[in-house]
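Commentary on secondary and tertiary structure
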Amino acid sequence: MLKIRIGVAPPAGTGPAEFAGLAARLEEAGVDSLWLSELVYSPEVDPMIGMAHALATTSRLKVGTGVAILPGRHPVLVAKQLLTLAGLAPKRVLPVFGLRPARPAEADLFPVPPGRRAAVFDESLALLRRLLEEDEVSFHGEFFTVEGVRLGARPQKRLDVWLGGAAPAALHRTGRLADGWLGSFQTPSQARDARIAIQQAAAEAGREIEEDHFGLSLAVADRGLPEELAAAAARRRPGVPVADLVATSWPEARRLLEQHIEAGLSKFVIRPAHGDFDGFLEKFQAELVPLQN
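We now turn to the structure provided with this report. (Residues numbered from 1 in each chain as written. Predicted model: local features only at pLDDT ≥ 70, side-chain atom pairs only at ≥ 80, totals over all residues. Heavy atoms only, no water.)

**Re the packing of helix α3 (residues 47-56) against helix α4 (residues 75-88)**
Running from amino to carboxyl end, α3 crosses α4 at an angle of 10°, the nearest separation of the two axes being 11 Å. With respect to α4, the element α3 is oriented roughly parallel. Residues M48, M51, A52 and L55 of α3 form the contact with α4, whose participating residues are V78, Q81, L82 and L85. For the contact of α3 with α4, a count of residues per class yields seven nonpolar, one polar and no charged. (Axes fitted to C-alpha atoms, helices over the stretch in contact; angles between N-to-C directions. Helix = DSSP H or I, 4+ residues; strand = E, 2+ residues; numbered from the N terminus. Parallel < 35°, antiparallel > 145°, perpendicular 65-115°, else oblique. Contact = heavy atoms within 4.5 Å. Nonpolar A, V, L, I, M, F, W, Y, C, P; charged D, E, K, R; others polar.)

What follows is the structure, encoded as structure tokens:
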């Protein structure tokens, strides 16, 4: 049986003042995990700094990035951050990386050679994985060269790295190089197809991804569908009814999660489309937490 776990993301626009006590509140409410997006041109907290704060103010809550951008960052610095967080908060750090920012205007903040973002991503991920798993790393690639790098103690439990993305190349990359997948704006049938494609790519690479390492980020818009969210759904999945991609009520959220569980997914991030986090958390606990096992 798959281990079903359901976490939450803060409402859009949650800045440092609102975020300060959020993690402790979620832990007190018994929430499994907190997920932070990388949205630079916004009030929202930086995901790495937000993770550090959330982990420091809790003892059980898991915290993840959903998602952070890897190409355009040096993998050695990313590995150092993750190893530090994992050492301070063992078994509670959940990194998920993506190819490019959700907002095109932020692409210049993560510079890579023109037309080489995917290639940089592959090499960055390969180097990052070695840095997280080996005591000393020498690496000579097209974009990165390091010699005899030692970053200190590694956590006893191996640090898993998940990826986002739904393009065929992204799914293939996940199968070849990652430990899990966190999708978004997916119908249950699309999520099933993505899971199968990832598993096939992993098998072709002589790897295996654990069966409960497939997840989905789902927005709940129970007070009407914001224009920006509707536009994002239409942009990501042209021609797909928005009700198959975004939950427009809490019963619909439960229905979609049950269908995604049937499709073989088991990890979920629930995102409020509106700012009333008190009401959101109450409904989340009543409607969705019972699906956990």
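**Here's the deal with the layout of surface pockets**
Gaps between atoms show up when a probe of the same size as a water molecule is rolled over them. Estimates place the volume of the second largest pocket at around 660 Å³. Around the second largest pocket, the lining comprises 29 residues; the ones closest to its centre are K62, L94, K157, D160 and K267. Elements that contribute at least two residues to the lining of the second largest pocket include exactly β1 (5-8), β2 (33-36), β5 (93-94) and β12 (267-272). With three residues, the single largest contributor to the lining of the second largest pocket is β12. A class-by-class count of the residues in the lining of the second largest pocket yields 14 nonpolar, three polar and 12 charged. (1 Å grid on protein atoms, 1.4 Å probe; cavity = no way out; pocket = protein on both sides within 12 Å on 5 of 7 lines; lining within 4 Å. Points joined across faces, edges and corners; volume = space filled by probe spheres on them.)

**Observations regarding the nonpolar core**
The biggest cluster of nonpolar side chains holds 73 residues, and the ones touching the most others in it are F97, I270 and F284. Beyond its immediate chain neighbours, meaning those up to four positions away, F97 contacts V67, A68, I69, L70, V78, L82, F121, L128, V161, W162, L163 and G164. In terms of nonpolar packing, the next biggest core, distinct from the first, is built from eight residues, F185, A232, L245 and V246 among them. (Core = buried A, V, L, I, M, F, W, Y, C linked by side-chain atoms within 4.5 Å. Buried < 20%, exposed > 50% of the residue type's maximum accessible area, 1.4 Å probe, protein only.)

**Digging into helix α9 (residues 250-262)**
For α9, which comprises 13 residues, the first-to-last C-alpha distance of 18 Å matches the rise-based estimate of 18 Å (1.5 Å per residue) to within 8%. When we look at burial in α9, the residues that qualify are W250, A253, L256, L257 and H260. The buried residues of α9 occupy one face: seen down the axis, they fall within an arc of 115°. Facing away from the buried surface of α9 by more than 90 degrees, the exposed residues are P251 and E262. In this structure, the buried side of α9 is in contact with β1, α7 (188-204), β11 (214-220), β12 and α10 (277-287). The N-capping residue of α9, defined by a side-chain oxygen 3.2 Å from the backbone nitrogen of E252, is S249. Residue G264 follows α9 closely and has a positive phi angle near 100°. (Expected span 1.5 Å × (residues − 1). Arc of directions from axis to C-beta. Polar contact = N/O pair within 3.5 Å; in protein donor to acceptor, adjacent residues only side chain to side chain.)

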